[in-house]
Amino acid sequence: MTIVEQAINTAKRNITARQKGGVLQHLAIDENPIQVRLKRSSSIQSANWVFDGSAHVITVGERLPAAADLAGITDKHRKDFCVAVLRHEAEHARQTSRDPRKIARILKEEKIPFRLLNLFEDCRIEHRAGKASVFPFSRGHSGTAWGWKKWQAIASSTNNPTEAILTLKICEAGSKSAPYSYLPEWTGAEYVEYFNSKKTKGTISARKAIVQYYRRAIKCETTEDLLPLLIDFCKTFGKSFEHRFPEDEIAGEKCPCTDEQPENLREMKSRPACEADPSALAWNDWPQAYDGSRAASLPQARRIASKLASLIKNGAKRPTRVSQSGSRLHVPNVISGNSAAFRSIKQDAGKRKICLVIDQSGSMGGIWETGGGKEFCAAFRMLAQQNILDVQIILTAKLNGKHAHLNASGRNPEQLMQLSPCGGAERVQATLRKYRHDLAAADSVVIFTDGALTDGDIDTDYYRRQGVDLLAACVNVYGSAKSMRRAMNQHFAKSFISKDANELAQRLAQHIINK
């Protein structure tokens, strides 16, 4: 029995007292009396759905298991992937417009590639199906995560906005509180013109624009609601797409933009909004050291993260006014007989946003390798993974004689600890200018540096006027603490220095929660 046959059998499984039934079985019950027909084809690699007026027709490609392209996966993983694809097509049957020719006609008039609608429609239906409270009639499997990351590889860096949208979909970023951390490293234009739902435009960072378009898509109630968003997206980013994106057909009609794609690609490359930033390096181009000793430092990073988590959670609690109900007694009012004899502890809403800029110049090598630097920075990434802080991590250095920076927010702690500081300089000021809009949106900006800056002073007055809480922090394990303090004071209004990474992290956390 082939993998596709196994997946179909699982998807058609009957509902019994001991099993909830397959995704196609639930679809047949939900859509009764409309029939559900299943076809197999050797000419397509994925799967598709179409409503022919009387039945839902789902076609499955025989080569579908090959689309599960993550290294090291087994046949069982590929079968689970195929079942998830069938669930995806079942959600198209439930949610996607049953008048696709009308949709195709509008897309042709606006010259919007069909691939773009299919990509955003996939984001929309998967998010709604994954939220049982929003979409309760997707029976049997509603509220269940899709798990695409277990089977499909995602981009580590890109200058293609649709690749970034696809990564957000695969990571199910819509159900996460910090979707920015799931974006691949962005190597395209830093700022673009964004068109919001009110048809007003403004210049924002490309990363923010991508997340905003994704958020708008998953909030759409119907397929038709996506059409204005697609027009805005094309105004911002153009109409260039790669072949790994969804099908370019709707209801059997081929996208008319397909033949014109080479011209669209040339136009895309000529647009200022899509030019790559030469100073934004990909992860694999950044100096790293691959050795087993790095993993031995992970427990220390976890200990730092654990203590920080406790501090931040407790710091987010504040006493409310006394009242007639609550979790704790207010002793003076109890003694006096006042009915308002209780007080409670209330949690502050929202997470704090931290921007961590890491100096990767050569002078940071010893601090990073043996002084606790890598554990300190990895601990903040762990807090982001635990949904305690919203952390953006930016690397800065001068490599091969040029300014280099990298948004490493999506990297895991193990990867961060593989970094090997060896830059000829730090270029902190240049990197801060590059990310000035992100800094303004953060509650605190922490620059992990020894203060030995060779590229000029930091314009602290400018950032203070912008309302940016600019802090410097470092572990002092070599040399004189006084000399490091003098260097810090020259460039920063406030700095934190400690001989121990754990103590440094706790002092910094106290400042952040007491702001």
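Now for a look at the structure at hand. (Residues numbered from 1 in each chain as written. Predicted model: local features only at pLDDT ≥ 70, side-chain atom pairs only at ≥ 80, totals over all residues. Heavy atoms only, no water.)

Quick word on the overall build of the protein
Helix and strand counts for the protein stand at 19 helices and 19 strands. In the protein, which comprises 515 residues, the share counted as buried stands at 52%. (Helix = DSSP H or I, 4+ residues; strand = E, 2+ residues; numbered from the N terminus. Buried < 20%, exposed > 50% of the residue type's maximum accessible area, 1.4 Å probe, protein only.)

Side note on the environment of Val192
Note on placement: Val192 falls in strand S6 (residues 191-195). For the pair Val192 and Ala209, spaced 17 residues apart in sequence, the C-alpha to C-alpha distance is 7.6 Å.

Some points on the packing of aromatic side chains
This model, assessed by the stated rule, comprises 12 aromatic pairs. Look at Trp146 and Trp148: their rings are 5.8 Å apart centre to centre, the planes differ by 10°, and that puts the pair in the stacked class. By relative accessible area, which is 5% here, Trp146 ends up buried. Cluster of aromatic residues (ring-pair linked, three or more members): Phe120, Tyr194, Tyr213, Phe233 and Phe237. A cation over a ring is seen here: Arg98 above Phe51, with NZ or CZ 5.1 Å from the ring centre. Positioned over the ring face of Tyr182 is Lys176, at 5.6 Å from the centre of the ring. (Phe/Tyr/Trp six-rings, centres within 6.5 Å; stacked < 30°, edge-to-face > 60°. Lys NZ or Arg CZ within 6 Å of the ring centre and 35° of its normal.)

A closer look at the environment of Asp457
With respect to the secondary-structure elements, Asp457 resides in the loop between strand S17 (444-448) and helix H17 (460-465). Sequence spacing of Asp457 and Val428 is 29 residues, and the spatial spacing of their C-alpha atoms is 9.3 Å. Residues within four places of Asp457 in sequence aside, it is in contact with Gln429, Gln490 and His491. (Contact = heavy atoms within 4.5 Å.)

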